[in-house]
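The primary structure of each chain is shown beneath.
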Amino acid sequence: MITKGLDVAELYFKPNNTNNTRRYILVRKKVENYPNSGGKLLFDEPTYRYSAYVTNLTLPLDQVYNIYNTRADAENRIKELKYDFGLDNFALDKFYATEAAHRFMLVAYNIMALFKHQILQTNMQLSTLRSYCFALGSWMTNHENEKVLNISLPRKRRSWMDGLFENIKQVTKPYKYK
């Protein structure tokens, strides 16, 4: 047991068609303690979710679990970069131009990740974020010598958008511009 509701075990198995013995790390998470965790419900009673890792690492079980558990979300970030930022569909004539474009896309991704984390406080997909926040009709007006941003927004989403502007006012920036 690593923590309450999280059990990890290991077994070694040598398939018939190979000379290599494989190390399997088996993970059992109690749904009550980890309601949003990944893994499969294997039995009729949905009390636990199960997952497994095959590894050649010789580290202790808890360290192997921590390494693989933190890497598990990397595939989702790669998909997001490919589908939302077009990272898989560009090539320029010069290598350095391609590298610069690639780095710019990563900066844009990091800015959006910071926006989602600090302002939205959710992990909304960029495609959803576009329609909810960015692809909105808007115009500027003057009201009592101040610029006012008017946003065309359905009535049912106005309180949500007001909450975002409140989050923006409240955020303390962990960075400085020079």
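Given the structure is predicted, the values throughout are model-derived calculations rather than measurements.

### Points about the overall build of the protein chain
When helices and strands are counted, the protein chain shows five helices and five strands. Beginning at the N terminus, the succession of helices and strands in the protein chain can be written as β-β-β-α-α-α-α-β-β-α. Taken against the 2.2 N^0.38 rule, which gives 16 Å for 178 residues, the C-alpha radius of gyration of the protein chain at 24 Å runs more than 25% over that of a compact globule. With respect to the three principal axes, the spread of C-alpha positions in the protein chain is 80 × 50 × 35 Å. Put simply, the protein chain has 178 residues, and 21% of those count as buried. Partitioning the contacts of the protein chain with sequence separation of at least 6, the portion at a separation of at least 24 is 39%. Charged side chains of the protein chain number 26 positive and 17 negative; the gap between the two group centres comes to 2 Å.

### As for the packing of aromatic side chains
Where two aromatic rings form a pair, the distance of their centres and the angle of their planes describe that pair. This model, assessed by the stated rule, comprises six aromatic pairs. Ring plane angle 20 degrees and centroid distance 5.1 Å describe the contact between Tyr53 and Tyr68, whose orientation is recorded as stacked. Here Tyr68 lies in helix H1 (residues 61–71) and Tyr53 lies in strand E3 (residues 48–55), a separation of 15 residues in the sequence. Judged on exposure class, the residue Tyr53 and its partner Tyr68 are both buried.

### So, unusual backbone geometry
If you check the backbone angles, Glu144 has positive phi at about 50 degrees while not being a glycine. Relative to the elements of secondary structure, Glu144 occurs in the loop between strand E4 (138–143) and strand E5 (146–151). Its identity as a non-glycine residue notwithstanding, Asn145 has a phi of 60 degrees, on the positive side. Turning to its location among the elements, Asn145 is positioned in the loop between E4 and E5.

### Focus on the pairing of E4
As defined by bridge partners, E4 adjoins E5 across six bridges and the pair is classed as antiparallel. Counterpart to Met140 in the pairing with E5 is Leu149. The hairpin formed by E4 and E5 contains two residues between the paired strands, and Glu144 there has a positive phi angle of roughly 50 degrees.

### Concerning the sheet that holds E3
Spatial ordering of the open sheet is given by E1-E2-E3, a layout of three strands whose pairing is antiparallel. Among the strands making up the open sheet, the edge pair consists of strand E1 (6–13) and E3. Strand-to-strand, the axes of this sheet are offset by a mean angle of 20 degrees, without reference to chain direction. In the sheet, E1 pairs with strand E2 (residues 22–30) via eight bridges, with the strands oriented antiparallel. Residue pairing across strands places Phe13 opposite Arg22, the latter belonging to E2. Sheet strands in contact with H1 are E1, E2 and E3, and its direction is about 75 degrees off that of E2.

### Thoughts on the confidence of the model for the protein chain
Taken residue by residue, the protein chain gives an average pLDDT of 83. The fraction at 70 or more is 96%. Mean pLDDT values over the elements of the protein chain span from 78, in helix H2 (residues 74–85), up to 92, in E4.

### With respect to a nonpolar patch on the surface
Residues Met140, Leu149, Phe165 and Ile168 make up a contiguous nonpolar surface patch of roughly 370 Å² in combined accessible area. Here Met140 is to be found in strand E4.

Parameters at a glance
Residues numbered from 1 in each chain as written. Predicted model: local features only at pLDDT ≥ 70, side-chain atom pairs only at ≥ 80, totals over all residues. Heavy atoms only, no water. Helix = DSSP H or I, 4+ residues; strand = E, 2+ residues; numbered from the N terminus. Rg over C-alpha atoms; globule rule 2.2 N^0.38 Å. Buried < 20%, exposed > 50% of the residue type's maximum accessible area, 1.4 Å probe, protein only. Contact = heavy atoms within 4.5 Å. Lys, Arg positive; Asp, Glu negative; His and termini not counted. Charge placed at Lys NZ, Arg CZ, Asp CG, Glu CD. Phe/Tyr/Trp six-rings, centres within 6.5 Å; stacked < 30°, edge-to-face > 60°. Pairing = 2+ DSSP bridges. Axes fitted to C-alpha atoms, helices over the stretch in contact; angles between N-to-C directions. pLDDT = per-residue confidence, 0-100. Patch = residues over 30% accessible without salt bridge, like charges linked within 9 Å, V, L, I, M, F, W, Y side chains within 5 Å. Areas by Shrake-Rupley, 256 points an atom, 1.4 Å probe, with all protein chains shown as cover. Salt bridge = Lys/Arg side-chain N within 4 Å of Asp/Glu carboxyl O.

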